Structures are given as structure tokens and as C-alpha cells.
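# What the coordinates show
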Amino acid sequence: MNTDKLSNRLEMVASFVPVGARLADIGSDHAYLPCYLAKKNLIDSAIAGEVVEGPFVSASKQVQADGLSNKITVRMGNGLDVLQPGEVDCITIAGMGGALIASILERGKAKLENVKRLILQPNISAISIRLWLIENGWELLEEEILEEEGKIYEILVAEKGDPLSAYSNEKDRSLLFGPFLITRQQDAFMKKWSIERDNWKRIYEQLDHAANTVETLQKKQDLFQKINWAEEFLPQ
């Protein structure tokens, strides 16, 4: 992967960035994503944010090597701390856990006022992001799922709007599986939830041998519900 050819995962993230966007890529690592978009003249400007010094230095060197210092600013700081209000209109956060992405958005809410689009790629727990979007008035517009090098990734795209418009009556089920993804049931989706279902079954069986505390019974009830949901669309 380099700034001319992204991984499939980052290429999918890039495809959702609006042409002419003022982008912030949070947790930018080597700044591959903003450099790729800038080289293709697909964005107006970008800020690459990094909280760790090593990746911050790598990103700075990459931007310089690509001759993009006039378009891309690399900043070191925690989450959205690297931004000034109104500075960008699109934010990408890729390659972190869903709960961490949600906490970055929550902590930096003041910086989101003029942001038109969020493109979020959690490695795990996409449900944490879906819940945050609903609670904060962001409408889920699109979702994608793909497998790359043995790992399965989800990508969520949101803009300000009706936070419940993507969800049917079975909101809890859609929050877990993804309202768009569950209707398409692509191969990566089926594989992901087949693995998860088998894992839930293992845990459920282990809890069968545990003491029947209120907490254990609640966990079993939650797992039973998830297993049933998964088995509605998975082959036995």
C-alpha cells in the first residue's frame, strides 16, 4: 500500500469522500488516505491527525515526499483536538475499535458543527458507532462490508439528518447487524456473523455451567436473542 494504491479497505473509505471536500483524517497513520485523494485532485485540502509521535513523523514525511504540503497539514493531537471549528466538512476515522471512534466523536462534538459527512471504519463494535449516530442526530446513509487479508471491516457513512430513517421496526437487530448490510447479506457479512454466532453459542454453553445469578441469566438472555437473530439469515 502507498499513496498511489490504497488497500481495498481504505479505497472503499476514499470512495465515500465527496469531491472537493475539506477533509480531516483522524488517526491518519502514514497519511496514505489524504495523500491519495489529494494526488487525484479529489479534495480541496486535508488535515492528517495523529496522536502518536511515530505515525505523526511518518505522515509528515509522506506528505513532504509527495509534494503535498500546500494541501495537507499534519498535526499531532488527540482525536478532534487537532481541528478548529469550521475548518473541515468531512471527517474520516478508520482502523480503530467502534467504541473508541464513538468516544472520539463524543469528546470532539464541538468540532462537528460544520461537518457535513462522517466516514467511519471500525475494526470491531460498529454498533457503538450506530448508537452514537442516533443519539447525536446523524443519519446513517450507507454501509459497506469487505474482507481483506483475513479480516472483515465495516464502513459507515453518515450525515446530519433523521437518525432513525435507516432503521425498521426491528431497531435493536438492525443496530447490531447494520440496517443496510442485513438486507444485502454479502459474503463477508455472512462470514462475519457465522463466526460471531458460533462464538455466542460457545459462550452460552459455558454459562449453562455457571451459577444462576441475575447477571448470568441476563447474559444468557442477550446471547439467546442474538443467536436467534443470526439464525434467521444464516444457514444452519
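## Quick notes on the overall build of the protein
Within the protein, the regular secondary structure consists of nine helices and seven strands. Sorting the 236 residues of the protein into buried and exposed places 47% on the buried side. A fraction of 67% describes how many contacts in the protein between residues 6 or more apart in sequence connect residues 24 or more apart. Taken as a whole, the protein presents about 11,600 Å² of accessible surface, with 48% of it coming from carbon and sulfur. Of the side-chain charges in the protein, 27 are positive and 35 negative, and the distance between the mean point of each set is 2 Å.

## Looking at the nonpolar core
Note that soluble globular proteins tend to have their nonpolar side chains buried in a common cluster. Residues Val17, Leu37, Ile43, Ile72 and Ile119 are the most contacted members of the largest nonpolar core, which totals 30 residues. Looking at this core, the element that brings in the most residues is helix H2 (residues 32–39), giving six residues. Membership of the second largest hydrophobic core comes to 29 residues, among which are Ile26, Ile91, Val115 and Leu140.

## Quick look at the pairing of strand E7 (residues 151–160)
Here E7 lies mainly inside the structure; seven of its 10 residues are buried. Pairing between strand E5 (residues 117–122) and E7: four bridges, direction antiparallel. Within E7, the residue paired with Arg117 across the bridge is Glu159. Looking at chain direction, strand E6 (residues 138–148) and E7 are connected through 10 bridges and run antiparallel. Note on E7: the bridge partner recorded for Ile145 is Glu154. From the end of E6 to the start of E7, which pair antiparallel, there are two residues, and Glu149 there has a positive phi angle of about 50°.

## Thoughts on the side chain of Arg173
Turning to its location among the elements, Arg173 is positioned in helix H6 (residues 171–177). At 3.2 Å, the side chain of Arg173 and the side chain of Glu232 are in polar contact. With near-sequence residues (within four places) excluded, Arg173 lies in contact with Ile182, Trp229, Glu232 and Phe233.

## Details of the environment of Gln186
With respect to the helices and strands, Gln186 occurs in the loop between helix H7 (181–184) and helix H8 (187–208). Exposure remark for Gln186: the relative accessible area of 25% places this residue in the partly exposed category. Between the C-alpha atom of Gln186 and that of Ile145, which follows or precedes it by 41 residues, the distance is 7.8 Å.

## Focus on the sheet that holds E7
The seven strands are arranged E3-E2-E1-E4-E5-E7-E6 in an open sheet whose pairing can be described as mixed. Strand pairing shows two members of the sheet lacking a second neighbour, strand E3 (72–76) and E6, which therefore form its edges. Each strand axis lies, on average, 15° off the axis of its neighbour in the sheet, ignoring direction. Direction of pairing for strand E1 (residues 21–26) relative to strand E2 (residues 43–50): parallel, over a ladder of six bridges. By the bridge assignment, Asp25 is partnered in E2 with Ala48. Strands in contact with helix H1 (residues 8–15) are strand E4 (90–96), E5, E6 and E7; relative to E6, the strand with the most contacts, it is inclined by about 155°. Contacts between H2 and the sheet are confined to E1, E2, E3 and E4, with E2 contributing the most and set at about 170° to the helix.

## Observations concerning the packing of H1 against H2
Packing of H1 against H2 brings their axes to within 10 Å, and their N-to-C directions diverge by 55°. In terms of orientation, H1 and H2 fall into the oblique class. Here H1 runs over H2; the crossing is right-handed. Within the contact between the two elements, H1 uses Leu10, Glu11, Val13 and Ala14 and H2 uses Leu33, Tyr36 and Leu37. Taken together, the residues of the contact of H1 with H2 break down into six nonpolar, no polar and one charged.

Cut-offs applied
- Residues numbered from 1 in each chain as written.
- Predicted model: local features only at pLDDT ≥ 70, side-chain atom pairs only at ≥ 80, totals over all residues.
- Heavy atoms only, no water.
- Helix = DSSP H or I, 4+ residues; strand = E, 2+ residues; numbered from the N terminus.
- Buried < 20%, exposed > 50% of the residue type's maximum accessible area, 1.4 Å probe, protein only.
- Contact = heavy atoms within 4.5 Å.
- Areas by Shrake-Rupley, 256 points an atom, 1.4 Å probe, with all protein chains shown as cover.
- Lys, Arg positive; Asp, Glu negative; His and termini not counted.
- Charge placed at Lys NZ, Arg CZ, Asp CG, Glu CD.
- Core = buried A, V, L, I, M, F, W, Y, C linked by side-chain atoms within 4.5 Å.
- Pairing = 2+ DSSP bridges.
- Polar contact = N/O pair within 3.5 Å; in protein donor to acceptor, adjacent residues only side chain to side chain.
- Axes fitted to C-alpha atoms, helices over the stretch in contact; angles between N-to-C directions.
- Parallel < 35°, antiparallel > 145°, perpendicular 65-115°, else oblique.
- Left-handed = near helix turned anticlockwise from the far one by under 90°.
- Nonpolar A, V, L, I, M, F, W, Y, C, P; charged D, E, K, R; others polar.

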